[in-house]
Amino acid sequence: MVPVTKTFFPPLNKYTDHLKRIWKNEWLTNRGELVIELETKLKSYLNVPNVTLTTNGTLPLQIALKILANGGEVITTPFSYVATTSAIVWENCTPVFVDIHPEYLTIDETKIEAAITSKTTAILATHVFGNPCNVDMIEKIALKYNLKVIYDAAHCFGVRYQDKSLFNYGDVSTCSFHATKIFHTAEGGSFFSNSDDLNKKLYYSHNFGHNGPENFHGVGINAKMSEVQAAMGLSVLPYMAKIFSDRKSVVDFYNENLDNAKIRKMKIRHNTEWNYSYYPIIFNSEEALLKVQESLNEAKIFPRRYFYPSLNTLTYIDQKIMPVSEEISSRILCLPLFHDLDVINQNKIIKIIKHNL
Ligand SMILES: *Cc1c(COP(=O)(O)O)cnc(C)c1O
């Protein structure tokens, strides 16, 4: 069986070494030694001013929306994982979709201004598949209309744009460290903000609003990462260089062998050091996709239709047609990509795709 992605498991003894520290400390959560150590290591690894670890990648989106979007209209992308939209709805904000760029697959910044109303409070855009949004243009628009910018950077671990971490852009960026993501803590996530003030608010919000044991800054929720999750992160982090280079080899091999007029690839924004997080291919039609998918499935190879359906078609929101996103969602397929995908399986995948085009 070849899945679309496979979790990286560090050597078990590396994990148990960290677990032993937890047993010794007799301390499982509430920002213990391992969580603090992982935050410190990530701060220097990613070169960002601050990192706060969370228990998953959805809660930081909700916290950021709670603080910054204030129940207003939130301009967002229809081409992302469902959490981007559901977090907006969950926080009693209204998602206002803006269609995507046909080549970059990120929100089409040229269409944002037309969607702004007096109720718009924020923009929540996804750097989908680790491909940066047009962050400079979005920042200009946000300044002009006094909007907050939140980036769902769930796919962006290790991505650098214009010589700095992609997490440095926007008022807040969030990441996911779910087991299916490139760097993981089983379940986990984080938020990043360059503003000390905002960072403080996000920080207390993720821990019930606590200001010491008996005082509260304000309302909060529990989004803390546990020591057990941090132990996994500390065990995986030393392998990231190897994970990136292994994934690069897989991507290079696909690129060399899937150069075909009947499929196209996502265009990566100029000045990006990408992280090889996903390998989406776009077919000429949904029929072509389904035919390839079926043949791959018969060979026990399971690519995934990321992202399908287009989020503007979810049943619980006011639907509006998004032609580009709906069209691309119906024809895009993510091929298997993980650190130890071997050439034999990759050749098999490539052969089946070519045979069915
Ligand atoms: C994975 C993902 C999330 C959610 O992260 P979790 O850690 O699973 O809660 C949010 N947005 C995007 C784009 C994702 O891919």
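Residues numbered from 1 in each chain as written. Predicted model: local features only at pLDDT ≥ 70, side-chain atom pairs only at ≥ 80, totals over all residues. Heavy atoms only, no water.

Per an unreviewed UniProt entry, the protein goes by dTDP-4-amino-4,6-dideoxygalactose transaminase and derives from Christiangramia echinicola. In its Sequence similarities (unreviewed entry) section, the UniProt record describing the protein reads: "Belongs to the DegT/DnrJ/EryC1 family." (UniProt positions renumbered as here; feature names shortened; annotations may be inferred.)

Asks: What should I look at first to understand the sheet that holds strand β10 (residues 189-192) in this one?
Replies: Two orientations exist for strands paired in a sheet by backbone hydrogen bonds: parallel and antiparallel. Within the open sheet, the 7 strands sit side by side as β2-β10-β9-β6-β5-β3-β4. Their pairing is mixed. Every interior strand has two partners, whereas the edge strands, β2 (52-54) and β4 (94-97), have only one. On average, each strand axis in the sheet is tilted by 25° relative to the strand beside it, whichever way the strands run. In terms of strand pairing, β2 meets β10 through 3 bridges, oriented antiparallel. When the bridges of β10 are listed, T52 appears paired with F191. Strand contacts of helix α4 (residues 82-90): β3 (73-76), β4, β5 (120-126) and β6 (148-152), with the helix running at about 140° to β4, the strand carrying the most contacts. (Pairing = 2+ DSSP bridges. Helix = DSSP H or I, 4+ residues; strand = E, 2+ residues; numbered from the N terminus. Axes fitted to C-alpha atoms, helices over the stretch in contact; angles between N-to-C directions. Contact = heavy atoms within 4.5 Å.)

Asks: Help me out: how do you make sense of the nonpolar core in this one?
Replies: Note that soluble globular proteins tend to have their nonpolar side chains buried in a common cluster. L38, L42, I75, I112, F157 and F183 are the most contacted members of the largest nonpolar core, which has 52 residues in total. In terms of domain composition, this core takes at least three residues from each of domain 1 (12-238) and domain 2 (239-355). With 39 residues, the next largest nonpolar core counts L105, Y276, I328 and L337 among its residues. (Core = buried A, V, L, I, M, F, W, Y, C linked by side-chain atoms within 4.5 Å. Buried < 20%, exposed > 50% of the residue type's maximum accessible area, 1.4 Å probe, protein only. Domains from an automatic or database assignment.)

Asks: Got a minute to help me understand the packing of aromatic side chains in this structure?
Replies: Two aromatic rings are characterised by how far apart their centres lie and by the angle between their planes. If you walk through the whole model with that rule in mind, you get 15 aromatic pairs. By way of ring pairs, the aromatic residues F79, F129, Y278, Y306 and F307 are connected into one cluster. Taking NZ or CZ as reference, K164 lies 4.9 Å from the ring centre of Y169, over its face. Just above the ring of Y104 sits the side chain of R269; from NZ or CZ to the centre is 4.2 Å. (Phe/Tyr/Trp six-rings, centres within 6.5 Å; stacked < 30°, edge-to-face > 60°. Lys NZ or Arg CZ within 6 Å of the ring centre and 35° of its normal.)

Asks: I tried to follow the UniProt feature "modified residue: N6-(pyridoxal phosphate)lysine" (unreviewed entry) in the protein on my own but got confused; where do I start?
Replies: Look at the UniProt record and you will see "modified residue: N6-(pyridoxal phosphate)lysine" (unreviewed entry) annotated at K181. Take K181: it is sitting in the loop between β9 (172-176) and β10. On the basis of relative accessible area, K181 is assigned to the buried category, the value being 18%. For K181, the residues in contact, after removing those within four places along its chain, are A154, H155, S176 and Y278.

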